[in-house]
Amino acid sequence: MNWRTWAACRGEDPELFFPISEEGAALAQIEQARQVCRRCAVVRECRAWALRHREDDGVWGGLTARQRRALRLRRSEADG
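Residues numbered from 1 in each chain as written. Predicted model: local features only at pLDDT ≥ 70, side-chain atom pairs only at ≥ 80, totals over all residues. Heavy atoms only, no water.

A. Looking closely at the nonpolar core. In this structure, Trp 3, Phe 17, Val 59 and Trp 60 are the most contacted members of the largest nonpolar core, which totals 17 residues. Going through the elements one at a time, helix H1 (26-38) and helix H2 (43-52) are the ones with two or more residues in this core. (Core = buried A, V, L, I, M, F, W, Y, C linked by side-chain atoms within 4.5 Å. Buried < 20%, exposed > 50% of the residue type's maximum accessible area, 1.4 Å probe, protein only. Helix = DSSP H or I, 4+ residues; strand = E, 2+ residues; numbered from the N terminus.)

B. Focus on the packing of aromatic side chains. For the structure on display, the rule yields two aromatic pairs. Ring geometry for Trp 3 and Trp 49: centres 6.4 Å apart, planes at 55 degrees, overall tilted. Separated by 46 residues along the polypeptide, Trp 3 in the segment before H1 and Trp 49 in helix H2 bring together distant segments of the chain. The exposure class assigned to Trp 3 is buried, which follows from its relative accessible area of 17%. (Phe/Tyr/Trp six-rings, centres within 6.5 Å; stacked < 30°, edge-to-face > 60°.)

C. Summary view of H2. Looking at H2, one finds that the buried residues are Val 43, Cys 46, Trp 49, Ala 50 and Leu 51. Of the residues flanking the end of H2, it is Arg 54, one or two places downstream, whose phi is positive at about 50 degrees.

D. Molecular detail of the side chain of Arg 68. Relative to the elements of secondary structure, Arg 68 occurs in helix H3 (residues 65-79). Among buried Asp, Glu, Lys and Arg side chains, Arg 68 stands out as unpaired, with Glu 55 the closest opposite charge at 5.8 Å. Among the polar contacts made by the side chain of Arg 68, one reaches the main-chain carbonyl oxygen of Glu 55 at a distance of 3.0 Å. Sequence-distant contacts of Arg 68, that is, excluding residues within four places in its chain, are made with Ala 50, Leu 51, Glu 55, Asp 56, Asp 57, Gly 58, Val 59, Trp 60 and Leu 63. (Lys, Arg positive; Asp, Glu negative; His and termini not counted. Salt bridge = Lys/Arg side-chain N within 4 Å of Asp/Glu carboxyl O. Polar contact = N/O pair within 3.5 Å; in protein donor to acceptor, adjacent residues only side chain to side chain. Contact = heavy atoms within 4.5 Å.)

In structure tokens, the structure reads:
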């Protein structure tokens, strides 16, 4: 079965996970999204999927787009 079946965000408004920025007033929205991620049984699978598919927007697996880019960069530097 697909990990998405078990995702805590399934019952949430998808807009919650796609703030318009990662600064200012959007920080409260990001924190709300992360609260959902913290109670999610498949947060690691979600994060891995977003990293693997280079998801450029939104909160996935508790990480913002900026955090995922930084993580990919660190991994790339470690591999290289």
